[in-house]
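Chain by chain, the residues run as shown.
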Amino acid sequence: MSGVRVLVGTRKGAFILTADGTRRDWAISGPHFGGWEMYHVNGSPADPDRLYASQSSGWFGQLMQRSDDGGKTWEPVGNEFTYEGEVGDHLWFDGTPRPWEFKRIWHLEPSPEDPDIVYAGVEDAAIFRTVDGGRSWQELPGLRTHESAPRWQPGAGGMCLHTIIQDPVNRDRMFIAISAAGVFRTDDSGKTWQPINRGLRSGQIPDPDAEVGHCVHRIAMHPSRPQVLFMQKHWDVMRTDDAGASWHKISGDLPTDFGFPIVVHAHEPETIYVVPITSDSEHYPPEGKLRVYRSRTGGNEWEPLTAGLPQANCYVDVLRDAMAVDTLDPCGIYFGTTGGQVYGSADGGDTWAPIVRDLPAVLSVEVQVLP
Amino acid sequence: MIRIVLPAHLKTLAKVNGEVRLEMPGPVTQRMVLDALEARYPMLRGTMRDHHTGQRRAFVRFYACEEDLSNESPDTPLPSRVAAGEEPFLVIGAMAGG
């Protein structure tokens, strides 16, 4: 029977949760890299035993770890991230220019075909790539040197490149998202980029048609329809049907459309999930009830999923990289909270159960299906 | 011989127990010690000093002989008792929240 491996990054280490295909009984391994901030742990689709982990701390900076045996053992690999060429300025919170400065890796996105190729999303915002299994990393500087970059500004969490989506059909195309610049697309394998934020409306910026400056929290795609992207913005849940040429709002009847993660069901491209959060100043669920909302209609019509989730006195948050889906049937959905719980559903969200309850604050969740 | 004591996280990273001992003849400087340490344990590169500027990371300190040498020039000779292996060179993760 196939199994699943859930990769959890937390404020104080990484954890690996494994189960067979029933997804009922779980084994917990960790903490790996105890005491370190693990922003992201992700596996190669081409070789599930090849894992990469972003390890960092305020004391000792950024490290990168690689495993070739599914997380049993790890090896530190290259941790030198050098911006290419002249490092320009972006806008600081007070409107003054400030030079780009490397802080950490937020997100790792391995190539679907080659376990040695991985893209890394960086704070301050840039995209890097390794083609040698993490030993060395090179920037794709066309993004950071885009003409709009001097106008990019950090969000409250830093000026982070947090989402990387590789188009499964058009291999030269890739989408990335930056808080708080917006979404960008390349059609030439990362040489040049264009902002694709038309239709986004952000009350925090005065120009309703601003090309950049949008606090995009997450974007998601179903691999069978690479023209369709879903977005959880700072406020607003959005959708594009033309690969980002235009976006429209699909918040519909959500109780609040502030939130961080958004994912798409593995087998139903019109079924999407969000976790509504009260507001940008109250980062916890409305009414203390932890509810995942599911739309089976590609947005606008949403239903709360509550079975097995706390419906009183729950004031955790779910961060942007902390939700994932597996490809089993029925589709499994997983998310981690800032309270250290990781919840799983083996039936597409109808019912939930905690896999583990008392981890450090969860920063990221990924899931692999194992043969 | 130089004796170096690493903070717990860097010991784990470098897979060392106890002190690190490096054979280094003659007068030594902070830079020479850190260069030799990173050459022996390449995974420590970037954790104590910035990759590009070589500057000490903000929350890393260097102590020896009950003195804070963090802000000394990296090319100042270390105390003779450190060079003689009588006192260790301490790499410290500064106290800070978290």
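Cut-off values and rules
All residue numbers here refer to positions counted from 1 along the written sequence of the relevant chain. Naming scheme: in the order in which they are written, chains are lettered from A and ligands are numbered from 1. Local features in this predicted model are restricted to residues of pLDDT 70 or higher, and side-chain atom pairs are both shown and tallied only at a pLDDT of 80 or more, whereas totals for entire chains, interfaces and linings draw on every residue. Helix numbering and strand numbering both begin at the N terminus, where a helix is a DSSP run of H or I of at least 4 residues and a strand a DSSP run of E of at least 2. Here the radius of gyration uses the C-alpha set of atoms, whereas the globule reference equals 2.2 Å times the residue count to the power 0.38. Residue burial here comes from a neighbour count, namely the number of other C-beta atoms, placed from the backbone, that lie within 10 Å of the residue's own C-beta, with 20 or more meaning buried, 12 or fewer meaning exposed, and in between meaning partly exposed. Think of it this way: build a C-beta for each residue from its backbone, and any pair within 7 Å is a contact. Arc definition: it is the arc formed by the directions from the helix axis to the C-beta atoms. Only Asp, Glu, Lys and Arg are considered charged, only Ala, Val, Leu, Ile, Met, Phe, Trp, Tyr, Cys and Pro nonpolar, and every remaining residue, Gly among them, polar. The pairing criterion is simple: DSSP has to find at least two bridges between the two strands. Under this scheme, a helix contributes an axis fitted over its contacting stretch, all axes are lines through C-alpha atoms, and angles between N-to-C directions fall in the 0 to 180 degree range. The quantity known as pLDDT measures the predictor's confidence residue by residue, on a range of 0 to 100.

1. Points about the overall build of chain B
Now for step 1: The secondary structure content of chain B amounts to three helices and five strands.
Now for step 2: For chain B, the α and β elements follow one another from N to C terminus as β-α-β-α-β-β-α-β.
Now for step 3: The C-alpha atoms of chain B give a radius of gyration of 12 Å, which matches the 13 Å a tight globule of 98 residues would have.
Now for step 4: Along the three orthogonal principal directions, the C-alpha set of chain B runs to about 35 × 25 × 25 Å.
Now for step 5: Counting every position in chain B, which comprises 98 residues, the buried fraction comes to 24%.
Now for step 6: Contacts in chain B between residues far apart in sequence, at least 24 positions, make up 56% of those at least 6 positions apart.

2. Topic: the overall build of chain A
Now for step 1: Along chain A, the regular secondary structure elements total zero helices and 30 strands.
Now for step 2: Taking 21 Å as the expected radius of gyration for a compact globule of 371 residues, we find that chain A reaches 19 Å, a close match to that expectation.
Now for step 3: Each principal axis of the C-alpha atoms in chain A carries an extent, and together these give about 50 × 45 × 40 Å.
Now for step 4: Within chain A, buried positions represent 52% of all 371 residues.
Now for step 5: Partitioning the intrachain contacts of chain A with sequence separation of at least 6 by distance along the chain shows that 50% fall at a separation of at least 24.

3. So, helix H2 (residues 30-40) of chain B
Residues and elements named next belong to chain B.
Now for step 1: The complete set of buried residues in H2 reads Gln-30, Val-33, Leu-34 and Leu-37. Buried residues in H2, looked at end-on, bunch into an arc of 95°, giving them a common side.
Now for step 2: Buried residues belonging to H2 abut strand E1 (2-5), strand E2 (20-22), strand E3 (60-64) and strand E5 (89-93).

4. Thoughts on the interface of chain B and chain A
Now for step 1: Of the residues lining the interface, 14 residues belong to chain B; the matching set on chain A comes to 11 residues.
Now for step 2: A per-element tally of the side of chain B that touches chain A places helix H1 (residues 8-14) of chain B first, with three residues.
Now for step 3: A per-class count over the side of chain B that touches chain A returns six nonpolar, seven polar and one charged.

5. Looking at the sheet that holds strand E2 (residues 13-20) of chain A
All names here are of chain A.
Now for step 1: Read across the sheet, four strands follow the order E3-E2-E1-E30 without closing on themselves; strand pairing throughout is antiparallel. Looking at strand neighbours, the two that pair on one side only are strand E3 (27-32) and strand E30 (362-370), the edges of this open sheet. Direction aside, the axes of adjacent strands within the sheet are offset by 15° on average.
Now for step 2: With eight bridges joining them, strand E1 (residues 3-10) and E2 adopt antiparallel strand pairing. Bridge pairing in E2 links Arg-5 to Thr-18.

6. Thoughts on the pairing of strand E24 (residues 292-295) of chain A
Residues and elements named next belong to chain A.
Now for step 1: Side chains Val-292 and Arg-294 project from E24 onto one buried face, and the interleaved Tyr-293 and Ser-295 project onto a second face that is buried too.
Now for step 2: Relative to E24, strand E23 (residues 272-274) is paired through three bridges, and the arrangement is antiparallel. Bridging from a neighbouring strand, Ile-272 pairs with Ser-295 of E24.

7. What about the confidence of the model for chain B?
Now for step 1: On average, chain B scores 94 in pLDDT, and the residues at 70 or more come to 97%.
Now for step 2: At the level of chain-chain contacts, confidence expressed as ipTM amounts to 0.93, with global pTM at 0.96.

8. Let's talk about the sheet that holds strand E19 (residues 229-233) of chain A
Residues and elements named next belong to chain A.
Now for step 1: Read across the open sheet, the four strands follow the order E18-E19-E20-E21; overall the sheet is antiparallel. Looking at strand neighbours, the two that pair on one side only are strand E18 (216-221) and strand E21 (248-249), the edges of this open sheet.
Now for step 2: The sheet contact formed by E19 and strand E20 (residues 237-240) spans four bridges and is antiparallel. Its bridge partner lying in E20, Phe-230 is registered against Arg-239.

9. With respect to the environment of Glu-113 of chain A
Residues and elements named next belong to chain A.
Now for step 1: Assignment of secondary structure puts Glu-113 in the loop between strand E10 (104-110) and strand E11 (118-123).
Now for step 2: Looking at Glu-113, the number of C-beta atoms within 10 Å reads 11, which means it is exposed.
Now for step 3: Residues Glu-113 and Ser-44, spaced 69 residues apart in sequence, show a C-alpha to C-alpha distance of 8.3 Å.

10. Focus: unusual backbone geometry
All names here are of chain A.
Now for step 1: Here the residue pair Glu-123 and Asp-124 is connected by a cis peptide bond, since its omega of -5° sits within 30 degrees of zero.
Now for step 2: Among the secondary structure elements, Asp-124 is positioned in the loop between E11 and strand E12 (126-130).
Now for step 3: The step from Asp-329 to Pro-330 runs through a cis peptide bond, and the omega angle for that step is 0°.
Now for step 4: Within the element layout of this structure, Pro-330 appears in the loop between strand E26 (323-325) and strand E27 (333-336).
Now for step 5: The backbone of Asp-236 sits at a positive phi, close to 90°, despite the residue not being glycine.
Now for step 6: Position of Asp-236 among the secondary structure elements: in the loop between E19 and E20.
Now for step 7: Residue Asp-236 is classed as buried on the basis of its 24 C-beta neighbours within 10 Å.

11. Looking at the environment of Ile-250 of chain A
Now for step 1: Structurally, Ile-250 of chain A is set in the loop between E21 and strand E22 (262-264).
Now for step 2: According to the C-beta neighbour criterion, Ile-250 of chain A is buried, with 22 such atoms within 10 Å.

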